[in-house]
Amino acid sequence: MRVIESILIDGHWSRGSHEQQGAVFNPATGEHIADLGFASHADLDRALVAAAKGFEVWRKTSAYDRSKILRRAADLVRERSDAIAELITLEQGKPLAEARMEAFGAGDHIDWYAEEGRRAYGRVIPPRARGARQMVLREPIGPVAAFSPWNFPVSQLVRKIAGALAAGCSIIAKGPEETPSSCIELCRAFQDAGVPPGVLNLVFGVPAEISDYLIRSEVIRKISFTGSVPVGRALGALAGQHLKRCTLELGGHAPFIVCDDVDVEAVAALGASLKFRNAGQICASPTRFFVQRGIYQQFVSAFSKAGAALKVGAGDAADTQMGPLANPRRVAAMQAYVDDALAVGATLAVGGQNTAQPGFFFPPTVLADVPDSARVMHEEPFGPIASIVAFDDLEEVIGKANALPFGLAAFAFTRSIQRAILLADELQSGMVSINHFGIAAPETPFGGIKDSGYGSEGGSEGLDAYLTTKFVSQVG
Ligand code: NAD
């Protein structure tokens, strides 16, 4: 079996020296396609030394020169995006068209941070005494430990790398073990663009072993994690114990509120396309569809029709609109959510059964009249299940939308300005998108509140996450 050379430390690629290796699967066939080298503690020690050395080089490189290197990396990623997209689809499963958007879009994220890094402005504060100067300087926080997941192997990782590097930090990134190859090519593009050795290090391994070791290290000054709430809670606690700053981008359970004054067919079609993108494995995916009673039946039927019409298959087949799930854990989880919802009284409109083909497939599934007691209404499904329920008035639906501990994304559809303002003001969510899908651009903050985590990636907030504030007071 081919072993992927996956570990980048101090500018050199290796297979890592851990006794264990990972197994990489093609989720469309279930086939074991490669093994993955894992990093041992000795490798992590080398990565920490490299990141400390890399930080000293990189923080002294001017923001202007860092920006030039990052822009080159953006160009290289775009040039290589077709090849990177094939790797995303092979290991993660999404349709090639979606993978191409992800890979090409990574260039945009890098460009944004390349520009924003040149604007890490401080300020001058008027002094009390004449002849004094009071300055606020923004400085890179130090070496970063970043942990990124498998649902968007490139776009999750690139935000962390580009943000850290633009600010002047070095980074040790742990990529997702299920989907390593596109992450490796992303890092190669940064390396080929001229990022000095030690500034960007990539490792894979036993996740808890790596996070535990890196977060405790004195070298690491900042943690960034994207993944599930329980893991985020554990890493946040450890980071707190060691007084490390932390950005946590965790799960969501996004409400999708449809008022009775909209074009029902158009909103149902948009809702279905958002729901089933990446087979629903998106933290900001709409999951709880609340539809006003007067248009409820029409919405359920239009949404179900759109879901049923989707062509499910291998991501590299030209006509595929939804690929497999990324791993067998998600397939088992989907079946359990559907069985539970039906047992407590939901109606199955479409899908609902693990399909018989090889690979990790689950069909687009629509559940109607789902009771609040169903697990899928309060646990993040992270898969292709839409739960639809009726509501009568806005106050009631806002209460339902806010009832969960999650607060990442929320969507609402109405033609009334008053309703739109009320929803924007009252929804407890880090991101609210009204009448379209308008989140996740490089220049806009992406992040949650409540159990969905804290801190933002993207926007000027994304750079702030990697900067500290130094006050300098000077006379004479
Ligand atoms: P999981 O909780 O086991 O892992 C989630 C991610 O965290 C994976 O990338 C994993 O490698 C990493 N991880 C796990 N333990 C870790 C540790 N101790 N230290 C560092 N990293 C660690 O769940 P899973 O089965 O891989 O994914 C399913 C759940 O994860 C979903 O329900 C969803 O909530 C969440 N998830 C969220 C996102 C997101 O974009 N926020 C992405 C992927 C997964």
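Residues numbered from 1 in each chain as written. Predicted model: local features only at pLDDT ≥ 70, side-chain atom pairs only at ≥ 80, totals over all residues. Heavy atoms only, no water.

S.K.: So what exactly am I meant to see when it comes to the overall build of the chain here?
M.R.: Tallying secondary structure elements over the chain gives 14 helices and 21 strands in all. Over its C-alpha atoms the chain spans a radius of gyration of 23 Å, differing by no more than 12% from the 23 Å that the globule rule assigns to 476 residues. Taken along its principal axes, the extent of the C-alpha atoms in the chain is 75 × 65 × 40 Å. Per-residue burial over the chain gives 58% buried out of 476 residues. Sequence-distant contacts, at least 24 apart, represent 73% of the contacts inside the chain between residues at least 6 apart. A total accessible area of about 18700 Å² is found for the chain, and carbon and sulfur atoms account for 54% of it. One finds the centroid of the 45 positive side-chain charges in the chain at a distance of 8 Å from the centroid of its 52 negative side-chain charges. (Helix = DSSP H or I, 4+ residues; strand = E, 2+ residues; numbered from the N terminus. Rg over C-alpha atoms; globule rule 2.2 N^0.38 Å. Buried < 20%, exposed > 50% of the residue type's maximum accessible area, 1.4 Å probe, protein only. Contact = heavy atoms within 4.5 Å. Areas by Shrake-Rupley, 256 points an atom, 1.4 Å probe, with all protein chains shown as cover. Lys, Arg positive; Asp, Glu negative; His and termini not counted. Charge placed at Lys NZ, Arg CZ, Asp CG, Glu CD.)

S.K.: Would you take a moment to explain the pattern of salt bridges for this structure?
M.R.: One side chain can pair with another of opposite charge once the charged atoms of both are near each other. Inspection of the entire model under this criterion finds 26 salt bridges. A salt bridge links Arg 46 to Asp 43, with the nearest nitrogen and oxygen atoms 3.2 Å apart. A residue pair is termed a helical-turn pair when its members lie 3 or 4 positions apart in one helix, as Arg 46 and Asp 43 do in helix H1 (residues 41-59) at three residues. For Arg 46, a relative accessible area of 42% corresponds to the partly exposed category. By relative accessible area, Asp 43 is classed as buried at 3%. Asp 111 is paired through a salt bridge with Arg 78; the nearest N and O atoms lie 2.8 Å apart. Of this pair, Asp 111 sits in helix H4 (residues 96-116) while Arg 78 is found in helix H2 (residues 63-79), placing the two residues 33 residues apart along the sequence. The exposure class of Asp 111 is buried, given its relative accessible area of 15%. Linked by salt bridges that have partners in common, Arg 71, Asp 75, Arg 78, Asp 108, Asp 111 and Glu 115 make up one network. (Salt bridge = Lys/Arg side-chain N within 4 Å of Asp/Glu carboxyl O.)

S.K.: Sorry, what's going on with the domain arrangement of the chain here?
M.R.: Frequently, the measure chosen for interface size is the accessible area that the parts lose on association. Examined at the domain level, the chain breaks down into domain 1 (3-250 + 452-475) and domain 2 (254-441). Computed over C-alpha atoms, the centres of domain 1 and domain 2 are 31 Å apart. At the interface, 22 residues of domain 1 touch 28 residues of domain 2. Across the interface of domain 1 and domain 2, roughly 1900 Å² is buried in total on both sides, 57% from carbon and sulfur atoms. Taken together, domain 1 and domain 2 are joined by one salt bridge. Salt-bridge contacts for Arg 329 lead to Glu 178; the nearest nitrogen and oxygen are separated by 2.7 Å. (Domains from an automatic or database assignment. Buried area = accessible area lost by both parts, 1.4 Å probe.)

S.K.: When you look at the sheet that holds strand S7 (residues 132-140) in this model, what are you seeing that I'm missing?
M.R.: In a beta sheet, neighbouring strands are held together by backbone hydrogen bonds and run either parallel or antiparallel to one another. Pairing is antiparallel across the open sheet formed by three strands, whose spatial order is S6-S7-S21. Because the sheet does not close on itself, it has two edges, and the strands there are strand S6 (123-125) and strand S21 (467-475). Along the sheet, successive strands turn relative to each other by an average axial angle of 25°, direction set aside. Two elements, S6 and S7, share three bridges in a ladder whose sense is antiparallel. From the neighbouring strand, Ile 125 faces S7, where its bridge partner is Gln 134. (Pairing = 2+ DSSP bridges. Axes fitted to C-alpha atoms, helices over the stretch in contact; angles between N-to-C directions.)

S.K.: Which parts of the structure should I look at to understand the packing of aromatic side chains?
M.R.: The geometry of two aromatic rings is summed up by the distance between their centres and the angle between their planes. All chains considered together, the criterion is met by nine aromatic pairs. The interplanar angle of 40° and the centroid separation of 6.1 Å between the aromatic rings of Phe 256 and Phe 411 together place this pair among those described as tilted. Here the residue Phe 256 occupies a position in strand S13 (residues 254-258), and Phe 411 occupies one in strand S18 (residues 409-413), the gap between them amounting to 155 residues. Put simply, the rings of Phe 256, Phe 276, Phe 289, Phe 299, Phe 303, Phe 411, Phe 413 and Phe 437 pair up and form one aromatic cluster. (Phe/Tyr/Trp six-rings, centres within 6.5 Å; stacked < 30°, edge-to-face > 60°.)

S.K.: What is the right way to look at helix H10 (residues 296-309) in this model?
M.R.: Because the α-helix completes a turn every 3.6 residues, residues three or four places apart line up on one side. In this model, H10 (14 residues) spans 20 Å end to end at C-alpha, consistent with the 20 Å of a helix rising 1.5 Å per residue. Summarising the contacts, the buried residues of H10 are in contact with S13, helix H9 (264-276), strand S14 (286-292), strand S15 (347-350), strand S16 (365-368) and strand S17 (385-391). (Expected span 1.5 Å × (residues − 1).)

S.K.: Got a minute to help me understand the sheet that holds strand S19 (residues 431-434) in this structure?
M.R.: Pairing is mixed in the open sheet, where seven strands are placed in the order S15-S16-S17-S14-S13-S18-S19. Each edge of the open sheet carries a strand with a single partner, namely S15 and S19. In this sheet, neighbouring strand axes are inclined to one another by 20° on average, regardless of whether the strands run parallel or antiparallel. In the sheet, S16 pairs with S17 via four bridges, with the strands oriented parallel. Counterpart to Leu 367 in the pairing with S17 is Ser 387. Packing of helix H12 (residues 394-401) onto the sheet brings it into contact with S13, S14 and S17, and relative to S14 it is tilted by some 165°. Most of the contacts of helix H13 (residues 417-426) go to S19, to which it runs at about 165°, and overall it touches S13, S14, S18 and S19.

S.K.: I would appreciate a short explanation of the environment of Val 199 in the present structure.
M.R.: Within the element layout of this structure, Val 199 appears in the loop between helix H6 (180-193) and strand S10 (200-203). The exposure class assigned to Val 199 is buried, which follows from its relative accessible area of 0%. Considered as a pair, Val 199 and Ala 106 are 93 residues apart in the sequence and their alpha carbons are 19 Å apart. Apart from residues no more than four positions distant in its own chain, Val 199 is found in contact with Gly 54, Trp 58, Leu 165, Cys 169, Ser 170 and Ile 171.

S.K.: Before we go on, may I ask you to explain the packing of helix H3 (residues 81-92) against H4 in this structure?
M.R.: The description of two helices packed together rests on the angle between their axes and the distance between the axes. At a minimum axis separation of 8 Å, H3 and H4 run at an interaxial angle of 125°. Between H3 and H4, the crossing angle belongs to the class labelled oblique. In this structure, the crossing between H3 and H4 has a hand that is right-handed. Mapping the contact onto sequence places Ser 81, Asp 82, Ile 84, Ala 85, Glu 86, Ile 88 and Thr 89 in H3 and Leu 96, Ala 99, Arg 100, Glu 102, Ala 103 and Phe 104 in H4. (Parallel < 35°, antiparallel > 145°, perpendicular 65-115°, else oblique. Left-handed = near helix turned anticlockwise from the far one by under 90°.)

S.K.: It is not clear to me how the pairing of S13 should be interpreted in this structure. Could you clarify?
M.R.: For a regular strand, side chains alternate in direction, first toward one face of the sheet and then toward the other. Counting buried positions along S13 yields five of five residues, so the element is predominantly enclosed. Every second residue of S13 is oriented toward a common face, with Ala 254, Phe 256 and Val 258 on one face and Pro 255 and Ile 257 on the other, all of them buried. Relative to S14, S13 runs parallel, the two sharing five bridges. The residue bridging Ala 254 from the neighbouring strand is Pro 286, located in S14. On the question of chirality, the crossover connecting S13 to the parallel S14 by way of H9 is right-handed. In the sheet, S13 pairs with S18 via three bridges, with the strands oriented parallel. For Ile 257, the partnering residue across the bridge sits in S18 and is Ala 412. (Right-handed = clockwise from strand over helix to strand, strands pointing away.)

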